[in-house]
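Understanding the architecture of this molecule
The lines below spell out each chain.
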Amino acid sequence: MGLNEKPLSTLHEKASYDLADFEVPTGREEAWRFTPLSRLKGLHNGKAEPHGKVGAVAFAPEGVRVETVGRDDERIGKAYVPADRVSAQAYAAFEEALVVTVPKEAVPDESVSIKVKGQGGDGAAYGHTVIVVEPLAQATVVIEHEGSAVYADNVEFVVGEGATLKVVTLQEWDDDAVHVSHHHAQLAKDATFKSFAVTLGGDLVRLSPSVSYTAPGGDADLMGVYFVDAGQHLEHRLLVDHSQPNCKSNVDYRGALQGEDAHAVWIGDVIIRVEAEGTDTYELNRNLILTDGARADSVPNLEILTGEVAGAGHASASGRLDDEHLFYLQARGIPHDEARRLVVKGFLGQLIEKIEIEEIRERVMNAVEAELAR
Amino acid sequence: MSTLEIRELHVAVEDKEILRGVNLTVTAGQTHAIMGPNGSGKSTLAYAIAGHPKYTITGGQVLLDGVDLLEMSVDERARAGLFLAMQYPVEVPGVSVSNFLRSAVTAVRGEAPKLREFAKDLKNGMDALSIDPAFAQRNLNEGFSGGEKKRHEILQMELLKPKIAVLDETDSGLDVDALRVVSEGINRFRASGETGVLLITHYTRILRYVKPDFVHVFAGGRIVEEGGPELAEKLEAEGYEQYTKASA
Ligand SMILES: Nc1ncnc2c1ncn2[C@@H]1O[C@H](COP(=O)(O)OP(=O)(O)OP(=O)(O)O)[C@@H](O)[C@H]1O
Ligand SMILES: [Mg+2]
């Protein structure tokens, strides 16, 4: 490295709209080594037949525009360039995109709801969504996924100057569903982005939320909970790319795993580039492993290329239920199973209570209780 | 009339024998104080009776009203009427005090208390122990001061109404006011005459508020001397030295 060269990040160097730029993964690549490729139903190697059916319906409050547009719409691909093979496959193959626009300074009093439903069948389906929150507007978007599908999609969140976007995304797929998804948020000056991912259902879910900044003052908060049952593979790959000064990011994901071959993967990449002085970032992942045979891989990567950070840290912890917690509750007469439920609910509930929409918060809490009652 | 009988109890932790033949009977209406030096095995006795998984029973029996407690799970023992106020109550993140207490009361009574009644009992209980009502919404023991944890243990005892309560150093770390408040709680619990108390302590201070009927000196994993309240005064004056030497 020469004196005048900037150090480059070793993470995520590749991005392209062209599928041909990405080789078919073999499973040895860093980006794919945790994902069971054989269960992707051909999403990664071009062998998936594109005749799957997934419907997306949006409900928006007054003042919010919802459009279904063709591939050539100029708003598509502005904020996000596909960063891996399946993402590029989805970008190459989607037929229509959903574009939601929250106009400048608008503050709709209800949330935008997008319901994505898989209709079953063998083939794969592809999707693309663009959500634009114009300057100084404030909006909440809830994206729900359910049904049976083999689905790959990209979602772009474009958060304008001084705007605030809150997103809750729920993955409540049927047991056989496969879903590979990129959610990218691009934050303008002083923009705020808060996302909450809830992943409970599906055979294989691989969700990659990422954040980039186009100007100083951006603030991103990425939270998530997942509950992995026997045989499920639920993977979350986060990337926050700090390329602007004085931006913040906070990542907090928690999961519980129960049953034979329950597999959780959490990758938390944060890059603080040379220009990103004054960055303040923290990322955390915690997993509770409730039974034998379940496995959690948790890999935080913090790459700091500047000497001037306001704060940068990460932590990851995966472990069993604490015997002392269970003992305390049982010593008060609470039966073992109920004590266990209380502790797990408490562990995930501490994050879930940060979901601001009461109805969604309760629904997620109930869903976690249902998982625990299995 | 309830009775807790501990007979020739031997307990090991990680293959190390800690309790070496403890014999003690606590009958309803009685208060027994156990005093002894650090590391003599007092908490081991308390935890072993309650069924903490870390402790292995290597011999002896513990009977509550003739029924073998050692055959029961931790929660069964509690539902049978045993209560342990812990020396170091553990913090449980994400579980609120009120949710926890309601679950515990429901489990011990065998049915859910009526909401309004429970709220009233809880409020009265907290008032009596000078616990700020805001604690009901806090996470269990999380960020509680030492004294707040101890008061909260006594609150649980009063709500759960056990037959026999084992109090492991509930007095340590309390200032004078808190000590009085906690002692009053223990005395309310004793007042019916239908409950027994096994009070583990280092200090005679609490015994001035909570008068014991019997005092046992614990050293080297067993009871080495027994007497009435006057024994506590003697320990205060002379310390444990004679017992630690003898048991070593
Ligand atoms: N996990 C363990 N491994 C080995 N020894 C242990 C373990 N836990 C406890 N002990 C030992 O058992 C002995 C008795 O401990 P215990 O906590 O019962 O004492 P105590 O009388 O309650 O003391 P204190 O007055 O300090 O509370 C001590 O010597 C302690 O070091
Ligand atoms: Mg002790």
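What this report covers is the structure whose coordinates are included nearby. (Residues numbered from 1 in each chain as written. Chains lettered and ligands numbered in written order. Predicted model: local features only at pLDDT ≥ 70, side-chain atom pairs only at ≥ 80, totals over all residues. Heavy atoms only, no water.)

Some words on the sheet that holds strand S11 (residues 214–219) of chain B
Residue and element names in this part refer to chain B. Spatially, S6-S9-S10-S3-S11-S12 is the arrangement adopted by the six strands of the open sheet, whose pairing is mixed. In this open sheet, the two edge strands, each paired with only one partner strand, are strand S6 (82–85) and strand S12 (222–227). This sheet shows a mean twist of 20 degrees between the axes of neighbouring strands, independent of strand direction. Bridging between S11 and S12 involves five bridges; their strand directions are antiparallel. Paired with Ala 219 across the two strands is Arg 222, which belongs to S12. (Pairing = 2+ DSSP bridges. Helix = DSSP H or I, 4+ residues; strand = E, 2+ residues; numbered from the N terminus. Axes fitted to C-alpha atoms, helices over the stretch in contact; angles between N-to-C directions.)

Some details on the interface of chain B and chain A
Each partner contributes to the interface: chain B provides 34 residues, whereas chain A provides 18 residues. Of the roughly 2,000 Å² buried where chain B meets chain A, counting both sides, 67% is carbon and sulfur surface. At the junction of chain B and chain A, the tally comes to one salt bridge. Between Glu 153 of chain B and Arg 332 of chain A there is a salt bridge, with the nearest N and O atoms lying 2.6 Å from each other. Here chain B and chain A share 10 residue pairs in polar contact (both at pLDDT 80 or more) between them. Of all elements in the fold, only helix H1 (42–50), helix H2 (74–80), S6, strand S7 (92–96), helix H3 (97–109), strand S8 (139–140) and helix H5 (146–160) of chain B reach the threshold of two or more residues within the side of chain B that touches chain A. In terms of residues, the side of chain B that touches chain A owes the most to one element, H3 of chain B, which gives six residues. Residues that form the side of chain B that touches chain A fall into these classes: 20 nonpolar, nine polar and five charged. (Contact = heavy atoms within 4.5 Å. Buried area = accessible area lost by both parts, 1.4 Å probe. Salt bridge = Lys/Arg side-chain N within 4 Å of Asp/Glu carboxyl O. Polar contact = N/O pair within 3.5 Å; in protein donor to acceptor, adjacent residues only side chain to side chain. Nonpolar A, V, L, I, M, F, W, Y, C, P; charged D, E, K, R; others polar.)

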